Amino acid sequence: MAVGNVGVVAAARPPLRVRIRELLDRERVLGPLFITPALILIVLLVAYPFCVALYFSVSNAFIGRPSHFVGLKNFINLWESDAFRQTFQNAFVFTGTAVACKLVLGISLALLLNQQLWFKRLIRGAVLLPWVIPTALSTLGWWWMFNSLYSVVNWTGIALGLMEPPGPNWLGQKYYAMTAVVVVNVWRGLPFFAITILAGLVSIPRELYEAAEADGAGPVTRFWYITLPLLKPVLAVVVLFSTIFTFSDFNIVYVLTHGGPINSTHLFATLSRQVGLESGRIGEGAAISLYLFPVLVLVVYAQLKFVRKQTY
Amino acid sequence: MSRRKLRSKILAHAALVPFLVFALFPFYHMTLTSLKTDRELYDRAAAPLLIRQGVTFEHYTKLLWDTSFLTWTKNSLLVTVLSTAISLVIGTIAAYALARLKFFAVGSFGTGIFVTYLVPTSLLFLPLAQIVNWLGLGDSKWALVVTYPTFLVPFCTWLLMGYFRTVPKEVEECAMVDGATRVQALLRIVLPIAVPGLVCAALFAFTLSWNEFIYALTFTSSSEEITASVGVTTELIRGDSYFWGSLMGGAVLGSVPIVVLYVFFLDYYVSGLTAGALK
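Quick notes on the rules
Residues numbered from 1 in each chain as written. Chains lettered and ligands numbered in written order. Predicted model: local features only at pLDDT ≥ 70, side-chain atom pairs only at ≥ 80, totals over all residues. Helix = DSSP H or I, 4+ residues; strand = E, 2+ residues; numbered from the N terminus. Rg over C-alpha atoms; globule rule 2.2 N^0.38 Å. Buried ≥ 20, exposed ≤ 12 C-beta atoms within 10 Å, placed from the backbone. Contact = placed C-beta atoms within 7 Å. Domains from an automatic or database assignment. Nonpolar A, V, L, I, M, F, W, Y, C, P; charged D, E, K, R; others polar. Axes fitted to C-alpha atoms, helices over the stretch in contact; angles between N-to-C directions. Parallel < 35°, antiparallel > 145°, perpendicular 65-115°, else oblique. Left-handed = near helix turned anticlockwise from the far one by under 90°. Core = buried A, V, L, I, M, F, W, Y, C linked by C-beta atoms within 7 Å. pLDDT = per-residue confidence, 0-100. Expected span 1.5 Å × (residues − 1).

Let's shift gears to the overall build of chain B. The secondary structure content of chain B amounts to 15 helices and zero strands. On C-alpha atoms alone, chain B measures out to a radius of gyration of 23 Å, which is more than a quarter above the 19 Å that the 2.2 N^0.38 rule sets for 279 residues. Judged by the C-alpha coordinates and their principal axes, chain B covers about 75 × 70 × 30 Å. Put simply, chain B has 279 residues, and 47% of those count as buried. Taking the contacts inside chain B whose residues are at least 6 apart along the sequence as the reference set, 77% of them involve residues at least 24 apart.

Given below as structure tokens:
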């Protein structure tokens, strides 16, 4: 009824309007028109800044000073600096450990959440909570929990007899600081793993398990030969996503340790900010952040090549 | 049989306990700290897991009246609401075009959106800071309104593409056979069907921009322009050393808007989380 009305009104209007309307009905016109805003945004504020970053990385840009082309000097300087080499190592240790922990714990948690539970919704809600709260703010909570004088972690550890008083100085000692940063990252990233893997678990047909059970397969065999192989695509996606976002993490390290003690927890993002903004050497800072790029390329390549094969 | 089932059910709950403690304890401890008196807070003999010497709201009143916390929250709200609205509009039309229309290079644009979705903010914050300055938006919350869509639009587009694909083409074609234009069919037929997807995209965009930290930290610095996350992590830590109560209070209050949304829309969060990664 309403639709019919519109047609009549349109016929009575001036031809220009009709022509625009007809043009908008063509997919070849409407399609590009609809993606233009997104395209402009991406070109101006993603692609262009990326080119600026590339330029900065080969220049001696410094805050408030004209910059000149210096070739690969920034990259060479970086490899000669202890802070950068330490950061490079940290990035892989941090990402490797955190993603591995999240994967193992995520599968376990997803398997538990897939059981018959009494307060299913409530438990899911609680499990997902760390993922939705602002990371910078929740990390402040962890900062307080790892405080050198009032650490509740140490208090509990000592009370349970697991630690020698006064317990470790979490954020002041090299390996403990890295452990703390990894723990917070796992805490925050685990919900994403668990909930996504759970979605994968739910989609596995029940009949497969029933058939396997009828054939006498135990729970371990069923997990190994049914669950894991069928989960593989989901696990691949989750690990790839998490790798890029863990590798480029900034918030947790910035709030918890500022990269310290003695650069032992710096990641590319935090070092890049310290060098590029706090010390003003934008060129070098940009060069550091560009180290995130190869990992991004690898992840995108893997996603497009192996994971999205079916959809495109 | 049923006894075995009951036993395994109880076992599953028991095994979940450590996970739940791990997930929730930081929030418990933050809230607890924000409600303790300074005397108890800095008493090393007191048990940190409980409040024994009475609850106080002095940290909250200090936070609200002696700091700019309310301004920061207002800034956060402004930036979040605007950038969410902008991104939702841009993302919706782009997603519709990518999911439904056939035109030049549609496939490669879809891939482009996906790639942008994966670009971490920490890769681009340095050059963006320069661009923000060139635009005359240095140290302004408007810089955030302009830059947040760079990660929100790819996300919304990606999420909504999945939803639009689930709307049967025939419904739309019916309307068009009846004389509706494509734009009318989108507005009156497709969008109403895709409301759950739109709610989901809006929720995630709101959450992502409320939680954003590195851009806010880099592009804004004065107390009148910064967001809640930045204000709490930078301004509350300066100066006096006995700040833990109001710092934790700030962290708790800064999370409240998200927690409220989360409680009301839990199912959307769960479905959006998996859709964003898997579709």
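Moving on, we get to the overall build of chain A. The number of helices and strands found in chain A is 15 helices and zero strands. Expressed as lengths along the three principal axes of its C-alpha atoms, the size of chain A is roughly 85 × 75 × 35 Å. The buried share of chain A, reckoned over its 312 residues, is 42%. Long-range contacts, defined here as pairs at least 24 residues apart, represent 67% of the contacts in chain A between residues at least 6 apart.

Residues and elements named next belong to chain A. The linkage connecting Pro165 with the following residue, Pro166, adopts the cis geometry, with an omega of 5°. As for its placement among the helices and strands, Pro166 is situated in the loop between helix H8 (152-159) and helix H9 (174-202). Not every positive phi belongs to a glycine, and His258 is a case in point at roughly 55°. Considering the arrangement of structural elements, one finds His258 in the loop between helix H12 (251-256) and helix H13 (268-278).

This paragraph deals with the domain arrangement of chain B. All names here are of chain B. Once the domains are mapped, chain B shows domain 1 (2-56) and domain 2 (67-278). Each of domain 1 and domain 2 has a C-alpha centre, and these two points are 33 Å apart. On the side of domain 2, seven residues touch domain 1, which itself brings eight residues to the contact. Of all the secondary-structure elements, those providing two or more residues to the side of domain 1 that touches domain 2 are helix H1 (2-35) and helix H2 (38-41). Looking at the side of domain 1 that touches domain 2 element by element, the count peaks at four residues for H1. Counted by class, the side of domain 1 that touches domain 2 contains three nonpolar, three polar and two charged residues.

So, on to the interface of chain A and chain B. In this assembly, 84 residues from chain A lie in contact with 80 residues from chain B. When residues of the side of chain A that touches chain B are assigned to their parent elements, the largest contribution, 18 residues, is made by helix H3 (residues 27-57) of chain A.

Attention shifts here to the packing of H1 of chain B against helix H14 (residues 244-264) of chain B. Residue and element names in this part refer to chain B. Packing of H1 against H14 leaves a shortest axis separation of 7 Å and a crossing angle of 130°. For the element pair H1 / H14, the angle class is oblique. In this structure, the crossing between H1 and H14 has a hand that is left-handed. Residues Met30, Thr31, Thr33 and Ser34 of H1 pack against Trp244, Gly245, Met248, Gly249, Ala251 and Val252 of H14.

So, about the nonpolar core. Ranked by internal contacts, the top residues of the largest apolar core, which has 159 residues, are Ala194 and Leu256 of chain A together with Leu159 of chain B. In terms of residue count, H9 of chain A provides more of this core than any other element does, 15 residues in total.

Taking burial as the measure, the 11 residues of helix H7 (residues 135-145) of chain A include 11 buried ones, the bulk of the element. Taken together, the buried positions of H7 of chain A are occupied by Thr135, Ala136, Leu137, Ser138, Thr139, Leu140, Gly141, Trp142, Trp143, Trp144 and Met145 of chain A.

Let's shift gears to the confidence of the model for chain B. With 96% of its residues at a pLDDT of 70 or more, chain B shows a mean pLDDT of 89. If you check the scores for this complex, the pTM reads 0.90 and the ipTM reads 0.91.

Turning next to the confidence of the model for chain A. Residues of chain A with pLDDT of at least 70 account for 94%, and the chain-wide mean is 88. Averaged over each element, pLDDT in chain A is lowest for helix H1 (residues 2-12) of chain A (49) and highest for helix H5 (residues 82-113) of chain A (95).

With respect to the element layout, Pro196 of chain B can be found in helix H11 (residues 195-211). Once the C-alpha coordinates of Pro196 of chain B and Met30 of chain B are considered, the two residues, 166 residues apart in sequence, prove to be 34 Å apart.

So, on to the domain arrangement of chain A. Parsing chain A into structural domains produces domain 1 (2-45) and domain 2 (82-307). Each of domain 1 of chain A and domain 2 of chain A has a C-alpha centre, and the two are 46 Å apart.

This paragraph deals with helix H11 (residues 219-247) of chain A. In an α-helix, one turn spans 3.6 residues, which is why side chains three or four residues apart end up on the same side. The first and last C-alpha atoms of H11 of chain A sit only 35 Å apart over 29 residues, clearly below the 42 Å expected at 1.5 Å per residue. Residues Thr227, Val234, Val238, Leu240, Phe241, Ser242, Ile244, Thr246 and Phe247 of chain A constitute the buried set of H11 of chain A.

Here we take up the packing of H3 of chain A against helix H6 (residues 121-134) of chain B. Two numbers describe a pair of packed helices, the interaxial angle and the distance between the axes. Where H3 of chain A contacts H6 of chain B, the axes come no closer than 8 Å and their chain directions differ by 100°. The angle between H3 of chain A and H6 of chain B places the two elements in the roughly perpendicular class. Residue-level inspection shows Leu45, Val46, Pro49, Phe50, Val52, Ala53 and Phe56 of chain A of H3 of chain A in contact with H6 of chain B, the latter providing Leu124, Leu126, Pro127, Leu128, Gln130 and Ile131 of chain B. Among the residues making up the contact of H3 of chain A with H6 of chain B, the classes are represented as 12 nonpolar, one polar and no charged.

For the rest of this paragraph, the subject is the environment of Leu235 of chain A. Locating Leu235 of chain A in the fold gives a position in helix H11. Linking Leu235 of chain A and Phe193 of chain A, residues 42 residues apart in sequence, is a C-alpha distance of 8.4 Å.

All names here are of chain A. Structurally, Gly259 is set in the loop between H12 and H13. Taking the number of C-beta atoms within 10 Å as the measure of exposure, Gly259 has 24 and is therefore buried. Filtering out sequence-adjacent residues up to four positions away, Gly259 remains in contact with Val253, Thr265, His266, Thr270, Leu271 and Gln274.

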